[in-house]
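Overview (structure and organization)
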There are 2 protein chains.
Amino acid sequence: MKTLRQLGELALLRQLTRTLPSRPDVLAGTGHDVAVVAGTAQHDLLLKSDAIVQGRHFLAQTPPRQIGHKALARALSDLAAAGGEPLWALINLVVPRTEKNTRLLALYRGLAALAHHHHIAIVGGDTTEGPTLELHVFVAGRAPHGTVRLRSGAQPGDTLFVTGALGGSLRGKHLRFAPRLAEGQWLRAGRWATAAIDISDGLATDLAHILEMSGVGAEIQTEKIPIAAAAFQGLEKEGSGFSKDWKKGARLFPGLGKNHAGFSRAWKQHAALAHALCDGEDFELLFTVPQRKAAALVRAWRRTFRTRLTPIGVITRHKQKLVWLSGGRPLPFRGTGYEHFR
Amino acid sequence: MKTLRQLGELALLRQLTRTLPSRPDVLAGTGHDVAVVAGTAQHDLLLKSDAIVQGRHFLAQTPPRQIGHKALARALSDLAAAGGEPLWALINLVVPRTEKNTRLLALYRGLAALAHHHHIAIVGGDTTEGPTLELHVFVAGRAPHGTVRLRSGAQPGDTLFVTGALGGSLRGKHLRFAPRLAEGQWLRAGRWATAAIDISDGLATDLAHILEMSGVGAEIQTEKIPIAAAAFQGLEKEGSGFSKDWKKGARLFPGLGKNHAGFSRAWKQHAALAHALCDGEDFELLFTVPQRKAAALVRAWRRTFRTRLTPIGVITRHKQKLVWLSGGRPLPFRGTGYEHFR
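Please read all numbers here as calculations on a predicted model, not as lab measurements. All chains use their own residue numbering, which begins from 1 and follows the written sequence. Lettering of chains starts at A and numbering of ligands starts at 1, both following the order in which they are written. The model is predicted, so local features are restricted to residues of pLDDT at least 70 and side-chain atom pairs to those at 80 or more, both for listing and for counting; the totals for chains, interfaces and linings are taken over all residues. Heavy atoms throughout the structure, all of them, feed into the side-chain values; hydrogens and water do not.

Right, let's talk about the overall build of chain A for a bit. Scanning chain A from terminus to terminus reveals eleven helices and 13 strands. Think of it in three bands: residues with accessible area under 20% of the maximum for their type are buried, residues over 50% are exposed, and the middle band is partly exposed, with areas taken using a 1.4 Å probe on protein chains only. Evaluated residue by residue, chain A yields a buried proportion of 61% over its 342 residues. Pairs at least 24 residues apart make up 84% of the contacts formed inside chain A by residues separated by at least 6 positions. Accessible area for chain A stands at about 14,000 Å²; split by element, carbon and sulfur atoms hold 51% of it. Secondary structure elements follow DSSP: runs of H or I of four or more residues count as helices, runs of E of two or more count as strands, with numbering from the N terminus. Should any heavy atoms of two residues lie within 4.5 Å, those residues are counted as being in contact. Only the protein chains shown count as cover for residues, and all accessible areas are computed by the Shrake-Rupley method using a 1.4 Å probe.

Written out as structure tokens, the structure reads:
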């Protein structure tokens, strides 16, 4: 018997999902960004659920429209990775009885605006009294039969791409991001990618999911990783946030050494990289493309999107071995992304 | 600006759902037991979400297998009312980090056993840390195109039927009930019913939903309402539970009078009736059948099921007017069922 603090989220999920019933019409179940089940002859059906909890994914003072936006956008980000088209959503609301209806109405306006933008119908849900405000979002969508992109298709030699820039999402992006639905559907339609995931728990953790489900390894050129400006914010000035960041950097990059304290350029770069690898809630797409298609993808992408696209490494055949490189040499990095209960 | 305690669940839901986006492929959205959307040429797709929260729908000492059973069974009960076939489920778990994994594993065993029994695949979900244990269940299912039974089809003259017996579910049934899926699907296949709902908030409240959505009224012969033995439990002996029940009975049935205190047979009958009308969590089916089919339905039902089936009243054309009768005379009853936040 263990508490979840001792066990961690990933080990818990492995235990809970070990013996769940399935059906022959389930094409992809637990362990993927979205579930894929047989729909019509033309389309597979995609099912996804997600949750946000006050004090964890948003705060009492977060503008309520942004809370509603984030709740739906998170679930849509998973559909985006799979290349799916979201169609219908249900919302479970858990709310204390002292809550103001005006806050909830504003929250629903944020939710409805994003749903409207993506032509999604909100068709139901449930409202329950509980100790703190939560939103649980269920989305159903579709993709042409057999075209859904999962975490499990990466092949040795594939090039790893990431959209946008990573790190520091907590400084604002996590409440305002636009799920990469157009990009994900375009990738699916062109059959460019062999595997994909959205970065919700940090590149380090989500890349590990692709490696595990695909049975492959990866080498990442860390200097190529696009780091968001927000990941550098606050690193300039000393303060509580800074010293926390310093400790994090020193812990994650043992090679940096303790006498490396201060404001050196190299130290800042490593601290920002730690944010990019571990912060989570980037909601960018991470995907693999056969090496022979990589150059053509970049050209086609740039004709279609202004969204940044960056090749950051290569898939190897060394099962679940993840090598971080810096200037061609291994970077001793021992961080992982966000994990619940830890 | 109002708190939810002032507003109540039903008024809140009316406010929140007033301006939600829809799509042409939504056949029934918010306001129904389940959402119905266009699936294939043969089948409509049914979508439902539901939630249970510790301290509200179950307790810290509730056997965890029963918690898991109840979480899924509640959502299935809604699909049963619609006549749907559940196929796939996703589970969102909210859980404190001090929770024991053994409790969660037992909970999942209860969930998986019920899913297995009804050939439902559990295909995904989400796990989040939060202040108290909660399960959010999302079920997708199907029914032959155009055959889903909603709350909105009741016609004047229809006979009202209820399955099983009502009241006192909190004494145990709410954790162990079998959702009436077989009965609901049989009713749908035979096109017997014009409207249906599952009784989750009490007969008084759920009947009002049918009347509102169908634009009709009803006359109920209260002496015909099947009252569960559990609704009489504890009424015999004086004690805190008894005096609470007495107050409830006196408040709900003003005609009974205050000098009616004690253990009279009439008083007990009324106290038990109040339980049957208001307790909620019965998870029985309440449905309407054209009067000319009512006798044939009862005969066919008895050949097929051992589940109790009782005609309790008739639909009238008096919009949303609900008349409770006792011995042919109006019974002054002013109770409603369970409502969140009140």
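L72, L104, L135, F287 and L297 of chain B are the most contacted members of the largest nonpolar core, which has 59 residues in total. A per-element tally of this core places helix α3 (residues 64-82) of chain B first, with ten residues. Once residues within four sequence positions are removed from consideration, L104 of chain B is found in contact with L4, L12 and L16 of chain A together with L93, V95, E99 and L133 of chain B. Remark: nonpolar core denotes a set of buried residues (Ala, Val, Leu, Ile, Met, Phe, Trp, Tyr, Cys) joined through side-chain atoms within 4.5 Å. Counting residues in each nonpolar core, the second largest holds 58 residues, with L76, A80 and A82 of chain A together with L16 of chain B among its members.

The subject of this paragraph is helix α4 (residues 101-117) of chain B. Between its terminal C-alpha atoms α4 of chain B stretches 24 Å, which fits the 24 Å expected from 17 residues at 1.5 Å a residue. Residues of α4 of chain B that are buried: N101, R103, L104, A106, L107, Y108, G110, L111, A112, L114 and A115 of chain B. Buried residues along α4 of chain B sit in contact with α1 (4-7) and α2 (9-16) of chain A together with α3, β4 (85-95), β5 (121-129) and β6 (134-144) of chain B. Once α4 of chain B finishes, H119 of chain B follows within two positions and takes phi at roughly 55°, a positive value. Each residue after the first adds 1.5 Å to the expected span of a helix.

Our focus in this paragraph is the sheet that holds strand β8 (residues 195-198) of chain B. Residue and element names in this part refer to chain B. Across the sheet, seven strands lie side by side as β8-β10-β7-β11-β9-β12-β13; this open sheet has mixed pairing. Edge strands, defined here as strands with exactly one partner in the open sheet, are β8 and β13 (329-330). For two strands to pair, DSSP has to find at least two bridges joining them. When strand β7 (residues 159-163) meets strand β10 (residues 285-289), the two strands line up antiparallel, connected through four bridges. In the sheet register, F161 faces β10, and the bridge partner there is F287. Lines fitted to C-alpha atoms define the axes, with helix axes restricted to the stretch in contact, and inter-axis angles between N-to-C directions lie between 0 and 180 degrees. Running at roughly 150° to β8, helix α7 (residues 203-214) makes contact with β7, β8, β9 (217-221), β10, β11 (309-316) and β12 (322-326) of the sheet.

If you look at the interface, chain B gives 75 residues, while chain A gives 74 residues. Buried area: the sum, over both parts, of the accessible surface (1.4 Å probe) that disappears when the two are put together. Taken together, both faces of the contact between chain B and chain A bury some 6,400 Å²; the carbon and sulfur share is 66%. Sorting the residues of chain B by area buried against chain A places P21, W88 and R97 of chain B first, and these three jointly supply 11% of that buried surface. Between E129 of chain A and R56 of chain B there is a salt bridge, with its nearest N and O atoms 3.4 Å apart. Under the rule applied, a polar contact is a pair of N or O atoms within 3.5 Å (in protein, one hydrogen donor and one hydrogen acceptor; residues adjacent in sequence only if both atoms are side-chain atoms). Taken together, the links from chain B to chain A amount to 27 residue pairs in polar contact (both at pLDDT 80 or more). Looking at the side of chain B that touches chain A, the elements with two or more residues in it are α1 (4-7), α2 (9-16), β2 (35-38), β3 (43-53), β4, α4, β5 and β6 of chain B. In terms of residue count, β5 of chain B provides more of the side of chain B that touches chain A than any other element does, nine residues in total. Just to be clear on terms, a salt bridge is a Lys or Arg side-chain nitrogen sitting within 4 Å of an Asp or Glu carboxyl oxygen.

Another point: the side chain of D282 of chain A. All names here are of chain A. Topologically, D282 is positioned in the loop between α10 (265-278) and β10 (285-289). Neither His nor the chain ends contribute to the count of charged residues, in which Lys and Arg are positive and Asp and Glu negative. One buried charged residue, D282, forms no salt bridge at all, with the nearest opposite charge on K173 at 4.8 Å. For D282, the residues in contact, after removing those within four places along its chain, are A165, L166, G167, S169, K173, I199 and A276.

Before going further, it helps to examine the pairing of strand β3 (residues 43-53) of chain A. Side-chain direction in a regular strand flips from residue to residue, so the side chains alternate between the two faces of the sheet. All names here are of chain A. Burial analysis of β3 places ten of its eleven residues in the buried class, the great majority of the element. Judged from the four bridges that link them, strand β2 (residues 35-38) and β3 form a sheet pairing that is antiparallel. From the neighbouring strand, V36 faces β3, where its bridge partner is L46. Hairpin remark: β2 followed by β3, antiparallel, with four residues in the connecting loop. One ladder, built from eleven bridges, connects β3 with strand β6 (residues 134-144); its direction is antiparallel. Looking at the pairing, H43 lines up with P144 of β6.

All names here are of chain A. The side-chain alternation of strand β8 (residues 195-198) yields two buried faces, one formed by A195 and I197 and the other by A196 and D198. Sheet topology places β8 next to β10; four bridges connect them, and they run antiparallel. Paired with I197 across the bridge in β10 is L286.

Two side chains carrying opposite charge are able to pair once their charged atoms lie near each other. Inspection of the entire model under this criterion finds 26 salt bridges over all chains. The shortest N-O distance in the salt bridge between E183 of chain A and R180 of chain A comes to 3.7 Å. Linking R151 of chain B and D33 of chain B is a salt bridge whose minimum nitrogen-to-oxygen distance equals 2.8 Å. Separated by 118 residues along the polypeptide, R151 of chain B in the loop between β6 and β7 and D33 of chain B in the loop between β1 (26-28) and β2 bring together distant segments of the chain.

Here we take up the environment of A182 of chain B. Residues and elements named next belong to chain B. Counting through the fold element by element, A182 comes out in helix α6 (residues 181-189). By relative accessible area, A182 is classed as partly exposed at 46%. In this structure, the C-alpha to C-alpha distance between A182 and I220, residues 38 residues apart in sequence, is 26 Å.

All right, on to the relation of the copies chain B and chain A then. A residue counts toward the fit only if its pLDDT is at least 70 in both copies, and the copies are then superposed by least squares on the C-alpha atoms of those residues. By a simple turn and slide, chain B fits onto chain A: the slide is 0.0 Å along the axis, the RMSD is 0.0 Å, and the turn is 180°. Both chain copies can therefore be described as sitting about a two-fold axis. Of the C-alpha atoms belonging to chain B, the one lying closest to the rotation axis is found on T40 of chain B, 2.8 Å away. Looking at the interface residues of chain B, 99% of them are also at the interface in chain A, so both copies use one shared face.

A few words now on the packing of helix α3 (residues 64-82) of chain A against helix α4 (residues 101-117) of chain A. All names here are of chain A. One can describe the packing of α3 onto α4 by two numbers: an axis separation of 6 Å at closest approach and a directional angle of 40°. Considering the angle they form, α3 stands oblique to α4. Note that α3 runs across α4; the crossing there is right-handed. Residues P64, R65, I67, G68, H69, L72, A73 and L76 of α3 form the contact with α4, whose participating residues are R103, A106, L107, R109, G110, L111, A113, L114 and A115. Just so you know the grouping, Ala, Val, Leu, Ile, Met, Phe, Trp, Tyr, Cys and Pro go in nonpolar, Asp, Glu, Lys and Arg go in charged, and all remaining residues, Gly too, go in polar. Tallied by class, the residues present in the contact of α3 with α4 amount to eleven nonpolar, three polar and three charged. For this classification, under 35 degrees means roughly parallel, over 145 means roughly antiparallel, 65 to 115 means roughly perpendicular, and everything else is oblique. Each crossing gets its hand from how the near helix is turned against the far one by less than a right angle, where anticlockwise is left-handed and clockwise is right-handed.

Okay, the packing of aromatic side chains next. Side-chain rings of Phe, Tyr and Trp (the six-membered ring for Trp) are treated as a pair once their centres are within 6.5 Å; stacked means planes under 30 degrees apart, edge-to-face means over 60, and tilted covers the remaining angles. Within this structure, the stated rule accounts for 15 aromatic pairs over all chains. Among the aromatic residues, those joined into a ring-pair cluster are F161, W186, W192, F287, W301 and F305 of chain A.

Residue and element names in this part refer to chain B. Pairing is mixed in the open sheet, where six strands are placed in the order β1-β2-β3-β6-β4-β5. Of all strands in the sheet, those bounded by a partner on one side alone are β1 and β5. Strand after strand, the sheet turns through a mean of 20° between neighbouring axes, direction not considered. Against the sheet, α3 contacts β3, β4 and β6, and its axis sits at roughly 145° relative to β3.

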